[in-house]
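# Topology and contacts: notes
Listed below are the residues making up each chain.
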Amino acid sequence: MSLTKIDYNPLDDITSIFLDNTSLNNIDNLLSTTSEYKQHLENAIKHNEGTSTYDNDTSESSEMAIFQEVLENFNETKKRAEGTLSTITTLTEGLSHLDNAKHNLSQTLTFFQNFKILIDSYFECKHLLQKAAYLEMVSPYKIMCSLTDNTFNAFKSVDGINKLLTSIWHLKSNIINNVRKLYMQVLDNKLQPSETIEKQLRDGACELLDSESKTKTEMIDWVLGKLLYEIKEIFQIDDEAGSLENLSRRYMFFKKLLNNFNSKYAIYFLSSWEMPLQLANRFFQLTRNDLKALLHKEFKGAEPSIDLFMQSLQVTLDFEKYIDVRFSNKCKEEKLSKLFEPYLSLWVSHQDKMMENKLLSYMSEAKLPGNPSDSLVVPSSADLFRTYRTVLSETLELIGEGKNETILISLAEFFADWLIDYLNKVLKPLHISDDPNTKEQHEVIKYTVLLVNTCDYCSTTIDQLEEKLSVFSSNSRGVAEPFIKAKDLYDEQLSKSTSLLLKRAVRMDLSFATKEFDNTDWAHTHVEDYSRYMVTLKKLLTFTEPSAGSISEEKVYKSALQEILALLNRDVYKWNFFDNFVDSLTSTYVECVVRLLQPIPPFANINKSRTLSVQQVISIGEQLLLDIELLKSTLNMLNESVISTNPSGSPSFKRSQKHIEKNLEQPLAFFKLLVAPVDSAEDYTVIYTRLTLNNKNPLVWAFLFSLKGVPWDISMWKKHWNSFHQRAESSENGENDLFVFRWDSKHITRFGTNLRRVHDPVWIKFVNSELGIAIKTNKAVR
C-alpha cells in the first residue's frame, strides 16, 4: 500500500516485512533504512515550509495591488456620479419651476371657473327671486350654497370675495323671507290655490330649504308655531277654556286642525318632511307643559275631584289611541297619560267607596247558590273577583305599557285589604261553632263545606291575581307581599272548617259505632264473626244511592262522609279530606282499644287484680284482628266510591290506597302484639321487636306490656324488661317514637304520669333506675 494514501495502514507493510522468522535476522538493516528515510522526510518538510512562506508573501503583495486598483476605480466612479448629478440637477431645475407654475395655473383656472359659476348662480337666483320662480331656482341655489360652504369660505380675507359672500348671505335671507311670506299667505288663505303655487312651494321652496338643515328646521318651527298659535291663545291654563274640564275641547280642536292641515296645506310641503306628524309632536310638547301644571293645580288640594281626574284621563287615553292609529305608532313623543301616573293612587283609593257598597250588598245576599247544581261556593265571591278583574284591567289600561310599581303595589294592597274584609264580614259568620249538641247535622255540613269551597276558591284566585300583577311589575316581591296575610287568613279558615267537618260532622256518625264498641262484652269474647260495632261502622260509611223511581234522593240516608265528599268542589280536597278521615278513624279506633285495655290506677298494687286477664286480652286481640280486616275492606270500598267518576287506576286512587295500608300497619301490629303470649320473656321480646320495628322507647314497652293485662308482679316485669333491654342494647338500629300512640298520646302520657307515682319502694327503684322514669309522689291520675 502506498504511503501517500489517506487510508494507509502500517500493519500491512509490517506483516509483509516480517513474513517469517528469518526476517528477524535483518532487523538492524531495517532500522537503519527506516532512520535514513525519516531523516529524508524531515529535510523535505523543512524545504517545503520555506517555499510556502515565500509564496505567501508574494500572494499578499499581489492582492494589495488589486485592492488599490479597485479603490482608485471606485473613487473615479464617485466623481463621475457627482458630476452627472450636478448636470441632471441643472437640467431639471427649470422643469420643476415649470411644473409648479403649471399646478398654480391649474388651481387658478379652477378657482376662477368656480368663481364665475358662483357669480352666475348668484345673479341667476337673484333674477329668479324677483319672479318668485323657486322651482327653477333649485339648481343654481344648491350650486351657490355648495360653493359658498365648501370652496370660498376659506377666502373670506379677500375683500372682493368677502363682499360677494355677504351679498349671497343677504340673498339667501331674502329668499327665506319671501318663502315665509308666501307660506304665510297660503296659511292665511290669502292665495287662491293653484297647481303652480303648489309646485313652486313643494318642489321649489321646500327643495331649496331641504339643502340646508338649519334653514329647514327654522322654517318648520315657524310653520308649526303659526299653525298652533290659535290653540296657544285659546287654551291658556289661566282661562276657563284651558282648564281640565275643557281638555277634551283642546283635543277636538287639534283634531280639526290636523284634518284641516291635511286637506288644505299638506300639499305645499314635501312628504319627507312629515309635517302632520311633526305637528302632532309639537302639540304633545305644548300640551304636556300645560297639562302638568293643571294636574298639579287640581289634584294637590285637600279634596281632589276623582270624577274630573277620570274624565281627563279617559279623554287623554282616547286621544292617544287616535294619534297612534292615525300615524301608525310613529309618534315617539312621551305619552300625555304618563302625567296622570303620580295621581293614580287617587283613583285606587276612590274604589274604596265602590267596594264598601259591594260589601254591604254581599252581606245581605243569600250565601247559598240558588241553583242546587251549581258549585257550593258563596255567589258573592265570584262577583268580588269579577270586580277585581275589572279594576285591574282599567288600571292596566291607565298605566299603559309602562311599569308603574307604585300604582301596582297600591292596587295589590287595595285587593288584599278588601279580601280580608270580605272574609271577616261575609265568610266567617258562616262558621258554625264546634258544639256537639248541634242537631242540624245537614246544615253544619252544608255551610262548613260552603266555607271550605269558598276559601279554596278565594285562595286560588288570589294566587292568580298575584301572578297577573307580577307580569306587569318588575318588583314581583313588592306586589306579592300585601297578599301574604290575606292568603294566610283564608288558609287558616279553610283548615278550621276542615277540622270542624272531621271533629263535628264525621265523628258524630262514628259515635254510634264507638258506643257499640264500648257496650260490647269484651270480657267474654268469642271469635266467631265480625263484631257488631264494626258491622254498624260499615253500614254508616257505605255510600248509598236512591233506588230508581222509588225513593227520592232526599229520603235516602247519606253518611256525613258521603255528603261532604259530594259537596266538595275540587278532587284534591276530596282526596285530602278522605285521607284525613282515614287518619281520624284509625286514631279513634286505636283510642277505643287503648281506653278498653289501659290499667286503672293505682299502679304496682299486687293485691289489685287487673280488669282483663292476659288470656282475655289475647281473645280480644284475635277479635280485633278479624275486625280490622273488615275495616280495611270497608276503607278500600270507600276509596273506590270517592272516585266513582274516575278510573280506579288513577294516581290519586293508588296513593289513597297506599295511605290506607300504611295507616293500618301499626294498628294491625298492635293487635298482633295483644295476641302474643307472655309465658316466655325471650319469645315475647322477639315478637315485640319484630312488630314494633325494634322500638326502644321504654315508655312504649311498659304501656304495651300493661295493655296485655299483665299483673303487677315485679319479678315478671323485671324478667321481661331485662330480656327487652338486653336485646335493645345489642341492636344499633331501631325506633324511639310513640308507635301506634302517635295519633293520640294522651293515654300513654297519662300512663307515664301514673307510673311515676307508684308507692312501692321496689317499683319506685325499677321505674326510676331501670325504666328511667323519674318518680313523683302525687296522687294517681284517672
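By convention here, each chain's residues receive numbers from 1 onward along its written sequence. Owing to the predicted nature of the model, reporting of local features is limited to residues with pLDDT of at least 70; listing and counting of side-chain atom pairs is limited to 80 or more, with chain, interface and lining totals taken over all residues. To obtain the side-chain values, all non-hydrogen atoms of the structure were used and water was disregarded.

To qualify as a helix, a DSSP run of H or I must reach at least 4 residues; to qualify as a strand, a run of E must reach at least 2; elements of each kind are numbered from the N terminus. Helix and strand counts for the protein come out as 24 helices and 0 strands. When the backbone C-alpha atoms are referred to their principal axes, the protein occupies close to 155 × 155 × 60 Å. Accessible area is worked out with a 1.4 Å probe on protein chains only. A residue is then buried under 20% of its type maximum, exposed over 50%, and partly exposed in between. Scored against the burial criterion, the 782 residues of the protein give a buried share of 40%. A sequence separation of at least 24 residues applies to 76% of the contacts in the protein between residues at least 6 apart. Computed with a 1.4 Å probe, the accessible areas rest on the Shrake-Rupley method; for each residue, only the protein chains presented here act as cover. Carbon together with sulfur atoms contributes 52% to the accessible area of the protein, which is approximately 43,800 Å² in total. Contacts: residue pairs with any heavy atoms within 4.5 Å of one another.

Surface patches are drawn from residues lacking salt bridges whose relative accessible area is over 30%; two like charges belong together within 9 Å, two nonpolar side chains (Val, Leu, Ile, Met, Phe, Trp, Tyr) within 5 Å. Take a side-chain nitrogen of Lys or Arg and a carboxyl oxygen of Asp or Glu: if they are within 4 Å of each other, that pair is a salt bridge. The grouping of Met64, Phe67, Leu71 and Phe74 at the surface amounts to a nonpolar patch, some 440 Å² of accessible area in total. Inspection of the secondary structure assignment puts Phe67 in helix H2 (residues 27–130). Given the relative accessible area of 51%, Phe67 is considered exposed.

Ranked by internal contacts, the top residues of the largest apolar core, which has 204 residues, are Phe254 and Phe581. Beyond its immediate chain neighbours, meaning those up to four positions away, Phe581 contacts Leu502, Val506, Leu510, Leu541, Leu561, Leu635 and Leu638. We define a nonpolar core as any set of buried Ala, Val, Leu, Ile, Met, Phe, Trp, Tyr and Cys residues linked to one another through side-chain atoms lying within 4.5 Å.

Here we come to the pattern of salt bridges. Any two side chains of opposite charge can pair, given that their charged atoms come close. Applying the stated rule across the entire model yields 26 salt bridges. Lys116 is the partner of Asp120 in a salt bridge, and the nearest nitrogen-oxygen pair spans 3.0 Å. Of this pair, Asp120 and Lys116 both sit in helix H2, 4 residues apart, which is roughly one turn of that helix. Look at Lys116 and you get exposed, because its relative accessible area is 52%. Two residues, Arg282 and Asp221, come together in a salt bridge whose shortest N-O distance is 2.7 Å. Separated by 61 residues along the polypeptide, Arg282 in helix H8 (residues 275–299) and Asp221 in helix H6 (residues 213–234) bring together distant segments of the chain. Taking relative accessible area as the criterion, Arg282 reaches 25% and is therefore assigned partly exposed. Taken together, the salt bridges that share partners define one network made up of Asp518, Glu591, Arg595, Asp744 and Lys746.

Within the element layout of this structure, Ser312 appears in helix H9 (residues 306–326). Sequence separation between Ser312 and Asn697 is 385 residues; the distance between their C-alpha atoms is 76 Å.

In this section: the side chain of His747. Residue placement: His747 occurs in helix H23 (residues 746–755). Think of a polar contact as two N or O atoms within 3.5 Å of one another; within protein, one of them needs to be a possible hydrogen donor and the other a possible acceptor, and neighboring residues in sequence only count if both atoms come from side chains. A polar side-chain atom of His747 sits 2.8 Å from a polar atom in the side chain of Glu591. For His747, the contacting residues outside a window of four places in its chain are Glu591, Val594, Arg595, Gln598 and Phe703.

Purely geometric stuff here, so don't read any function into it on its own.
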